Amino acid sequence: MPTRELRLTNRRGLHARAATKLVQCCQPFDVRVAIHHGNRQADAANIMSLLMLAAPCGTALVVVTEGEDADAAMEAIVGLFDARFHEDE
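Rules behind the numbers
All residue numbers here refer to positions counted from 1 along the written sequence of the relevant chain. The model is predicted, so local features are restricted to residues of pLDDT at least 70 and side-chain atom pairs to those at 80 or more, both for listing and for counting; the totals for chains, interfaces and linings are taken over all residues. For side-chain calculations, the full set of non-hydrogen atoms in the structure is used, while hydrogens and water are omitted. Working definition: helices are DSSP H or I runs of at least four residues, strands are E runs of at least two. Numbering for both runs from the N terminus. For the radius of gyration, the atoms used are the C-alpha atoms, and the globule rule reads 2.2 Å times the number of residues raised to 0.38. Contacts: residue pairs with any heavy atoms within 4.5 Å of one another. Positive charges come from Lys and Arg alone, negative charges from Asp and Glu alone, with His and the N- and C-terminal ends not counted. All charge positions are set by atom: Lys at NZ, Arg at CZ, Asp at CG, Glu at CD. For a helix, the expected span equals 1.5 Å multiplied by the number of residues minus one. Relative accessible area decides the class of each residue, using a 1.4 Å probe on protein chains only: under 20% of the type maximum gives buried, over 50% gives exposed, and in between gives partly exposed. This arc describes the spread of directions from the helix axis toward the C-beta atoms. Here the nonpolar core consists of buried residues drawn from Ala, Val, Leu, Ile, Met, Phe, Trp, Tyr and Cys, with membership extended through side-chain atoms lying within 4.5 Å. Basic side-chain nitrogens of Lys or Arg form a salt bridge, by our definition, when they fall within 4 Å of a carboxyl oxygen of Asp or Glu.

### Comments concerning the overall build of the protein
Here is step 1 of the chain: From N to C terminus, the protein includes 3 helices and 4 strands.
Here is step 2 of the chain: Listing every helix and strand of the protein by position from the N terminus yields β-α-β-β-α-β-α.
Here is step 3 of the chain: Against the globule reference of 12 Å for 89 residues, the protein gives a C-alpha radius of gyration of 11 Å, in line with a compact fold.
Here is step 4 of the chain: Principal-axis analysis of the C-alpha atoms places the extent of the protein at approximately 35 × 30 × 20 Å.
Here is step 5 of the chain: Put simply, 72% of the contacts in the protein that link residues at least 6 apart link residues at least 24 apart.
Here is step 6 of the chain: Side chains of the protein carry 9 positive and 12 negative charges; the gap between the two charge centres is 13 Å.

### Things to note about helix 3 (residues 70-82)
Here is step 1 of the chain: For helix 3, built from 13 residues, the straight-helix expectation of 18 Å at 1.5 Å per residue is met to within 8% by its first-to-last C-alpha distance of 18 Å.
Here is step 2 of the chain: Residues of helix 3 that are buried: Ala70, Ala73, Met74, Ile77, Val78, Leu80 and Phe81. The arc that holds every buried residue of helix 3, seen down its axis, measures 160 degrees, which confines them to one face. Exposed side of helix 3, more than 90 degrees from the buried face: Asp71, Glu75 and Asp82 are the residues found there.
Here is step 3 of the chain: Summarising the contacts, the buried residues of helix 3 are in contact with strand 1 (3-7), helix 1 (16-26), strand 2 (32-37) and strand 4 (60-66).
Here is step 4 of the chain: Positive phi shows up at arginine 84, right after helix 3, with a value of about 55 degrees.

### As for the nonpolar core
Here is step 1 of the chain: The biggest cluster of nonpolar side chains holds 27 residues, and the ones touching the most others in it are Leu14, Leu22, Val33, Ile35, Leu50, Ile77 and Phe85.
Here is step 2 of the chain: Looking at this core, the elements with two or more residues in it are helix 1, strand 2, strand 4 and helix 3.
Here is step 3 of the chain: No other element matches the 7 residues that helix 3 contributes to this core.

### Remarks on the pattern of salt bridges
Here is step 1 of the chain: Within the structure shown, the criterion is met by 1 salt bridge.
Here is step 2 of the chain: Notably, a salt bridge pairs arginine 32 with aspartate 43, separated by 4.0 Å at the nearest N-O pair. Here arginine 32 is found in strand 2, whereas its partner aspartate 43 is found in strand 3 (residues 40-43), with 11 residues between them in sequence.
Here is step 3 of the chain: Exposure remark for arginine 32: the relative accessible area of 44% places this residue in the partly exposed category.

Structure, rendered in C-alpha cells:
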C-alpha cells in the first residue's frame, strides 16, 4: 500500500477544478485512493469528500493507494501534484 505525503503548491489548493482533476487522474486505475488531511479522510473518487478536506495552498496531504494499480496510480498522482494540477501554466 504505497503512501506519500504531498504538498499542495497550486495557488488555490484543492478547490473544485483541482479535485476534479484528481478524480479523473485516478479513474483509469484499478485502485482505491484515500487522501488524509489531519484527522479527515476523503475518497479520491468523490469530489465532494475531497472538497470537504478544505485544503488550501501549502497543505500537506497524505495519499494512500491500494489495489492492483496502486504504484502506477501513485505515480500519476505525484505527477499531478508536481504539475500543480496544470493550473499555473
